[in-house]
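Single-letter residue listing:
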Amino acid sequence: MVIFTGRTVEDAIEKGLKELNLSRLKAHIKVVSREKKGFFGFGKKPAQVDIEGINEVTAHRANQKAVKGVPEEVNQKNEPVSSKFEDTMELRKVTGIIKKMEERGEVIDDSVKEDIVMHKKKTQTILEEAGHTEVLEALEKVNEAETEKTPEVVEVSDVPKPVRSEQSFEEFVVSEFPDQRELSKDIEKATEEVAEYVKKIIYEMDIEATVETSHNRRQINLQIETPEAGRVIGYHGKVLKSLQLLSQNFLHDRYSKNFSVILNVHDYVEHRTETLIEFTRKAASRVLETGKDYVMDPMSNSERKIVHKTITGIEGVDSYSEGNDPNRYVVVTAVR
């Protein structure tokens, strides 16, 4: 346990991360105690946090703690934590098998290959869900051939070359799939940077909040959890929209328009989506009744998509966008 202290929890975290040379995404942070202001200087205490870097050892330790005391039949359903070397070996075999299959004219969906390379789940799980049992069968034969040392089971040409033990998982992926791996690094870095940017803004607003991140190839999702949701959302969502715009501009300045970001506070976005759909239907009804175009207020790209999608399901009306961000808006018009 490594304890760091600071004037506030955030101050202690920043000191700890700086001293350990870690990013938030690569650190396990536990708040030991929050700061106490005291009374006239008495009882004042700094905040304390425990920070530990996340690595294979801590991941394995967490896995062991998670399964301890859990019935065996439940644990069998969970995927074990494997080492990077094991992942690299398995990936080498699977990519070799897939290349052989594609040379024979068989098709493996790009999204499946991407999921395998990005290691979103265990390779076996990805292949099972995609229905590619033939790859699993070939992989099983390769593993049997290695275990039993019986070359006649699988042709030598079908067995991928073994990876050098000193080659890391990252190095292997770069050599096999350079473009996809580079994109993965970019989205991970962009996610980390924009999350830190939003955290600093919220901190300057003197609001206690946590920001959880997730992403796919192009979109970054920031889920904000706070007991002061109203202050982060603002009247009619204006504060959240401002944060959204600032975050998007932050990304565009650093990564052009490769990525987009969506901010959510609790379930506000879901609620906003329902409200927007209902409002769009009312606007469409008004257009059908009056025959006049209806111009909506400026909204974000994601909100405009919701409007357009809703309009496509309503007969007799159409929609299009006009203007430039952040003042781009949707016009609902009657089909003539």
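Above this text sits the structure in question.
Residues numbered from 1 in each chain as written. Predicted model: local features only at pLDDT ≥ 70, side-chain atom pairs only at ≥ 80, totals over all residues. Heavy atoms only, no water.

So, on to the overall build of the protein. The helix and strand inventory of the protein stands at 13 helices and 9 strands. The buried share of the protein, taken over its 336 residues, is 34%. In the protein, 58% of the contacts between residues at least 6 apart in sequence involve partners at least 24 apart. Within the structure as shown, the protein displays about 21,300 Å² of accessible surface, and the carbon and sulfur contribution to it stands at 51%. (Helix = DSSP H or I, 4+ residues; strand = E, 2+ residues; numbered from the N terminus. Buried < 20%, exposed > 50% of the residue type's maximum accessible area, 1.4 Å probe, protein only. Contact = heavy atoms within 4.5 Å. Areas by Shrake-Rupley, 256 points an atom, 1.4 Å probe, with all protein chains shown as cover.)

What follows deals with the side chain of Gln 244. Considering the arrangement of structural elements, one finds Gln 244 in helix α11 (residues 238–255). Setting aside residues no more than four positions away along its own chain, Gln 244 makes contact with Val 261, Ile 262 and Leu 263.

Residue placement: Arg 218 occurs in the loop between β4 (210–215) and β5 (219–225). For Arg 218, a relative accessible area of 43% corresponds to the partly exposed category. Arg 218 sits 40 residues away from Asn 258 along the chain, and the two C-alpha atoms are 6.7 Å apart.

Across a sheet, strands are paired by hydrogen bonds formed along the backbone, either parallel or antiparallel in direction. Strand order in the open sheet made by the 3 strands is β7-β9-β8, with antiparallel pairing throughout. Two strands in the sheet have a free side with no partner beyond their single neighbour: β7 (294–295) and β8 (317–322). Examined bridge by bridge, β7 and strand β9 (residues 329–334) share 2 bridges and lie antiparallel to one another. Paired with Val 295 across the two strands is Val 331, which belongs to β9. Here helix α13 (residues 301–312) sits on the sheet in contact with β8 and β9, set at roughly 160 degrees to β8. (Pairing = 2+ DSSP bridges. Axes fitted to C-alpha atoms, helices over the stretch in contact; angles between N-to-C directions.)

Between its first and last C-alpha, α11 extends 25 Å over 18 residues, near the 26 Å set by a 1.5 Å rise per residue. For α11, every residue scored as buried is listed here: Leu 240, Leu 243, Gln 244, Ser 247, Gln 248, Phe 250, Leu 251 and Tyr 255. Within α11, the buried residues cover an arc of 155 degrees as seen down the axis, which keeps them to one side. In α11, those exposed residues whose orientation departs by more than 90 degrees from the buried face are Lys 238 and Asp 253. (Expected span 1.5 Å × (residues − 1). Arc of directions from axis to C-beta.)

The angle between the axes and the distance between the axes are what describe a pair of packed helices. α13 packs onto helix α12 (residues 268–290) with a crossing angle of 50 degrees between their chain directions and a minimal axis gap of 9 Å. The pairing of α12 with α13 is recorded here as oblique in orientation. Seen from above, α12 lies across α13 with right-handed handedness. Counted together, Arg 272, Thr 273, Leu 276, Ile 277, Thr 280, Arg 281 and Ala 284 of α12 and Glu 303, Ile 306, Val 307, Thr 310 and Ile 311 of α13 form the full contact between these two elements. (Parallel < 35°, antiparallel > 145°, perpendicular 65-115°, else oblique. Left-handed = near helix turned anticlockwise from the far one by under 90°.)

Our next topic: α13. Over its 12 residues, α13 extends 17 Å from the first C-alpha to the last, a length consistent with the 16 Å expected when each residue adds 1.5 Å. Among the residues of α13, Glu 303, Arg 304, Val 307, Thr 310 and Ile 311 are the ones counted as buried. Projected down its long axis, α13 carries its buried residues within an arc of 125 degrees, all on one side. The exposed residues of α13 that point more than 90 degrees off its buried face are Lys 305, Lys 309 and Thr 312. Looking at the packing, one finds that the buried side of α13 touches α11, α12, β8 and β9.

Bringing unusual backbone geometry into the picture now. The phi angle at Asp 206 is positive, at roughly 60 degrees, despite the residue not being glycine. Among the secondary structure elements, Asp 206 is positioned in the loop between α9 (178–204) and β4. Of note, the phi angle at His 266 is positive, near 55 degrees, even though the residue is not glycine. Within the element layout of this structure, His 266 appears in the loop between β6 (260–265) and α12.

Across the sheet, which stays open at both edges, the 3 strands sit in the order β1-β3-β2 with antiparallel pairing between neighbours. The open sheet terminates on both sides in strands that have one partner only, identified here as β1 (3–6) and β2 (27–33). Across the sheet, the axes of successive neighbouring strands diverge by a mean angle of 30 degrees, strand direction being ignored. In terms of strand pairing, β2 meets strand β3 (residues 47–53) through 6 bridges, oriented antiparallel. Note on β3: the bridge partner recorded for Ala 27 is Gly 53.

Soluble globular proteins tend to bury their nonpolar side chains together. Ranked by internal contacts, the top residues of the largest apolar core, which has 25 residues, are Ile 220, Leu 222, Ile 224, Leu 251, Phe 259, Leu 263 and Val 265. Counting only elements with at least two residues in this core, the list comes to α9, β5, α10 (229–233), α11 and β6. Broken down by element, this core gets its largest block of residues, 7 residues, from α9. Grouped together as the second largest cluster of nonpolar side chains are 14 residues, Val 112, Leu 127, Val 135 and Val 142 included. (Core = buried A, V, L, I, M, F, W, Y, C linked by side-chain atoms within 4.5 Å.)

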